[in-house]
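# Observations on the three-dimensional arrangement
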Amino acid sequence: MVPSILNGKTVAFALSGSFCTLAAAVAQMRVLRELGAKILPVISHHVRDMDSRFGTAEYWRRQILEASGAEKIIDNIPDAEPIGPKHLCDIMIIAPCTGNSISKLANGVIDTPVLLAAKSHLRNAGPLVIAVATNDGLSANARNIGKLLNDKHIYFVPFGQDNPSGKPNSLVAQMDQIPHTLELAWQGQQIQPILTCQAPA
Ligand SMILES: Cc1cc2nc3c(=O)[nH]c(=O)nc-3n(C[C@H](O)[C@H](O)[C@H](O)COP(=O)(O)O)c2cc1C
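Residues numbered from 1 in each chain as written. Predicted model: local features only at pLDDT ≥ 70, side-chain atom pairs only at ≥ 80, totals over all residues.

### Topic: the site of the ligand
Around the ligand lies a shell of 19 residues, among which S16, G17, S18, S44 and T98 are the nearest. Looking at the shell around the ligand, the elements with two or more residues in it are helix 2 (45–49), helix 5 (99–106) and strand 4 (128–134). Classifying every residue of the shell around the ligand gives five nonpolar, 13 polar and one charged. (Near = placed C-beta within 6 Å. Helix = DSSP H or I, 4+ residues; strand = E, 2+ residues; numbered from the N terminus. Nonpolar A, V, L, I, M, F, W, Y, C, P; charged D, E, K, R; others polar.)

And the structure:
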């Protein structure tokens, strides 16, 4: 097998509060580790604090620690700040990335550990990969996704409509494409095609 270009790289893996897609994203941490990457996990305040029908905050903390192999999770703004200045990662992904985090990132609002990690990493012109998961991707957040698609150093995991008849504005990334998207982003390339045709739920 050809070794992955991610072998030996540190991936800041940030998770925001799309609770129904957390499991699929966390599973990709294991795949990245198998490819030789080191994972630096980062979570938003909501992932840190919120219990939902998809699991308690404590449950997700344990899942993330186990999947990432990390000793700690960056879950507050002061701990996220050094990511850029101290070059703590080579590449960063936000997966899942909520509509809330997409809109803030697109408009320079930085008020969660995930967003400060992204800002801090972009300061170094490092590649940032986004895996969207939001019900308003084709409505209120379409303009923000469009802006980020056109921004330097930002790459997207292929995404599509997950339920066009039931949730016509919803967009979700194909989390199993995360490793390959990161490999290409590290080389300055956007994986193609960006738009996927997903089977209706
Ligand atoms: C059970 C549950 C599921 C949610 N799923 C999503 C989702 O898939 N996508 C999304 O954009 N927001 C979702 N939200 C709303 C976000 O958690 C909310 O907008 C929050 O402010 C996101 O903050 P963050 O981006 O800092 O994590 C969900 C909320 C709950 C309680």
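### Topic: unusual backbone geometry
Between A95 and P96 the backbone carries a cis peptide bond, its omega angle lying at -5°. In this fold, P96 is placed in strand 3 (residues 91–97). Residue H87 is not a glycine yet carries a positive backbone phi of 50°. H87 sits in the exposed class, given 12 other C-beta atoms within 10 Å. Residue H153 is not a glycine yet carries a positive backbone phi of 70°. (Buried ≥ 20, exposed ≤ 12 C-beta atoms within 10 Å, placed from the backbone.)

### Looking at the pairing of strand 2 (residues 38–43)
Side-chain direction in a regular strand flips from residue to residue, so the side chains alternate between the two faces of the sheet. Of all the six residues making up strand 2, five are buried; the element is thus mostly covered by neighbouring parts of the structure. Summarising the sheet, strand 1 (residues 10–15) and strand 2 pair through six bridges and their orientation is parallel. Following the sheet pairing, L15 is matched in strand 2 by I43. Between strand 1 and its parallel partner strand 2, the chain crosses via helix 1 (residues 22–34), and the hand of that crossover is right-handed. (Pairing = 2+ DSSP bridges. Right-handed = clockwise from strand over helix to strand, strands pointing away.)

### A short note on the packing of helix 5 against helix 7 (residues 142–149)
Orientation of helix 5 relative to helix 7, taken along the N-to-C sense of each, is 55°, at an axis distance of 9 Å. Put simply, helix 5 runs oblique to helix 7. The handedness of the crossing between helix 5 and helix 7 is left-handed. Contacts between helix 5 and helix 7 involve I102, S103, L105 and A106 from the first element and N144, I145, K147 and L148 from the second. Its residues placed into classes, the contact of helix 5 with helix 7 shows five nonpolar, two polar and one charged. (Axes fitted to C-alpha atoms, helices over the stretch in contact; angles between N-to-C directions. Parallel < 35°, antiparallel > 145°, perpendicular 65-115°, else oblique. Left-handed = near helix turned anticlockwise from the far one by under 90°. Contact = placed C-beta atoms within 7 Å.)

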